[in-house]
Amino acid sequence: MTKTTTRLRAEGLRLAYDGRIVVDGLDLEIPDGKVTAVIGPNGCGKSTTLRALGRLLKPRAGSVILDGELIERLPTRDVARTIGVLPQSPIAPGGLTVAELAARGRHPHQSWYRPWSQADEDAVTAALARTELLDLRERQVDELSGGQRQRAWIAMVLAQGTDLLLLDEPTTFLDLAHQIDVLDLVRELNDDGHTVVMVLHDLNLAARYAHHLVAMRDGALAAQGEPAEVLTADLVRDVFGLEAQIISDPSSGTPLVIPLSRLRTPRPVAETG
């Protein structure tokens, strides 16, 4: 596998909620300039890991390192100017317009001595244009379709002006067409220079749109690497408890998972690469 550099990584990460350990001993490097998809069964720690990488959850042990510094020691405003985080199923306050939602992405750049400026306005306009929402900027967010609403949240993250984007299940509750719209936008943003980490449930879409896959099970790393290295029949059996056939997608050439049957008891995970 080609050696990559990384601005964002985790070392020995232990994460918990109310005393319940969710992730333990996780070492993870996010390759720069790539789209990384985190995959795994429900409850394996995917979203929890993403929250820790964005400094939304403090580790019980271990560290998240951003640009060579412990993220917990960096000023909150500096982190928010570097990493944009889109949480799972966000909810906007009632009556908020698309433009007002996108403008919230500029909060890390505001202060008492730096009020709203033309640069902020330009950043919001550019974000709305990038997500094809300029014509809807005065519409209320709660009036939008699911796909439009998700693009509005992405516009908010883009207006933040960061080059590291963490997206937690950005295609949840979307129909297939809108899933493709969102993931096409993710790849376009990557082409523009953004490093993207996203949690996805659909293995085939993860393989098609991501350069790098991170597979998790029971709070631990099961495998990571390029999609063709990670998505094997053994991995799907061990991590998801499914017998599956892996073929080449005739359109993209990426791995295509065809589920065959569910196992009653998944086999223990053997960590790789």
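Criteria and cut-off values
Residues numbered from 1 in each chain as written. Predicted model: local features only at pLDDT ≥ 70, side-chain atom pairs only at ≥ 80, totals over all residues. Heavy atoms only, no water. Patch = residues over 30% accessible without salt bridge, like charges linked within 9 Å, V, L, I, M, F, W, Y side chains within 5 Å. Areas by Shrake-Rupley, 256 points an atom, 1.4 Å probe, with all protein chains shown as cover. Salt bridge = Lys/Arg side-chain N within 4 Å of Asp/Glu carboxyl O. Lys, Arg positive; Asp, Glu negative; His and termini not counted. Charge placed at Lys NZ, Arg CZ, Asp CG, Glu CD. Helix = DSSP H or I, 4+ residues; strand = E, 2+ residues; numbered from the N terminus. Pairing = 2+ DSSP bridges. Buried < 20%, exposed > 50% of the residue type's maximum accessible area, 1.4 Å probe, protein only. Core = buried A, V, L, I, M, F, W, Y, C linked by side-chain atoms within 4.5 Å. Contact = heavy atoms within 4.5 Å.

Q: How do you make sense of a negative patch on the surface when you look at a structure like this?
A: Together, Glu132, Asp175, Asp181 and Asp184 give the surface a local cluster of negative charge. As for its placement among the helices and strands, Asp181 is situated in helix H6 (residues 176-191).

Q: Before we go on, may I ask you to explain the pairing of strand E2 (residues 20-30) in this structure?
A: Each regular strand shows side chains that alternate between the opposite faces of the sheet. Summarising the sheet, strand E1 (residues 8-17) and E2 pair through seven bridges and their orientation is antiparallel. Across the sheet, the residue bridging to Leu15 is Val23, located in E2. Two successive antiparallel strands, E1 and E2, enclose a turn made up of two residues, where Asp18 displays a positive phi of approximately 50 degrees.

Q: Just checking my understanding: could you explain the sheet that holds E2 for this structure?
A: Across a sheet, strands are paired by hydrogen bonds formed along the backbone, either parallel or antiparallel in direction. With respect to topology, four strands assemble into an open sheet ordered E2-E1-E4-E5, the strand pairing being antiparallel. Each edge of the open sheet is held by one strand with a lone partner, namely E2 and strand E5 (69-70). Where strand E4 (residues 61-66) meets E5, two bridges bridge the pair, whose relative direction is antiparallel. Looking at E5, one finds that Leu66 is bridged to Glu69.

Q: Would you mind showing me how to read the pattern of salt bridges here?
A: Pairing between side chains becomes possible if they bear opposite charge and their charged atoms approach one another. Summed over all chains, the structure comprises 14 salt bridges. Its salt-bridge partner being Arg14, residue Asp24 comes within 2.8 Å of it at the nearest N-O pair. Taken together, the residues span a long stretch of sequence, with Asp24 in strand E2 and Arg14 in strand E1 at a distance of 10 residues. With a closest N to O distance of 3.5 Å, Arg139 and Glu143 form a salt bridge. You can call Arg139 partly exposed: its relative accessible area is 33%. Taken together, the shared-partner salt bridges in this structure form one network comprising Arg7, Asp67 and Asp163.

Q: Help me out: how do you make sense of the nonpolar core in this one?
A: Grouped burial of nonpolar side chains is what soluble globular proteins tend to show. By size, the foremost hydrophobic cluster in this structure holds 54 residues, and its most contacted members are Leu128, Met198, Leu213 and Leu231. Among the elements that line this core, the one with the most residues is helix H5 (residues 146-159), at eight residues. Dropping the residues within four chain positions of it, Met198 is found in contact with Val35, Thr36, Ala37, Val38, Leu167, Pro170, Leu183, Val186 and Tyr209. Among the nonpolar cores identified, the runner-up in size contains 28 residues, and Leu26, Leu50, Leu66 and Met216 belong to it.

Q: Looking at this structure, how should I read helix H9 (residues 233-240)?
A: Since the α-helix turns once every 3.6 residues, residues separated by three or four places project in the same direction. Most of H9 is tucked away, with six of its eight residues classed as buried. Along H9, the residues that are buried comprise Leu235, Val236, Arg237, Asp238, Val239 and Phe240. Buried residues along H9 sit in contact with helix H7 (203-209), strand E9 (212-217), strand E10 (220-225), helix H8 (227-230), strand E11 (242-248) and strand E12 (255-262). At the exit of H9 stands Gly241, carrying a positive phi of roughly 70 degrees.

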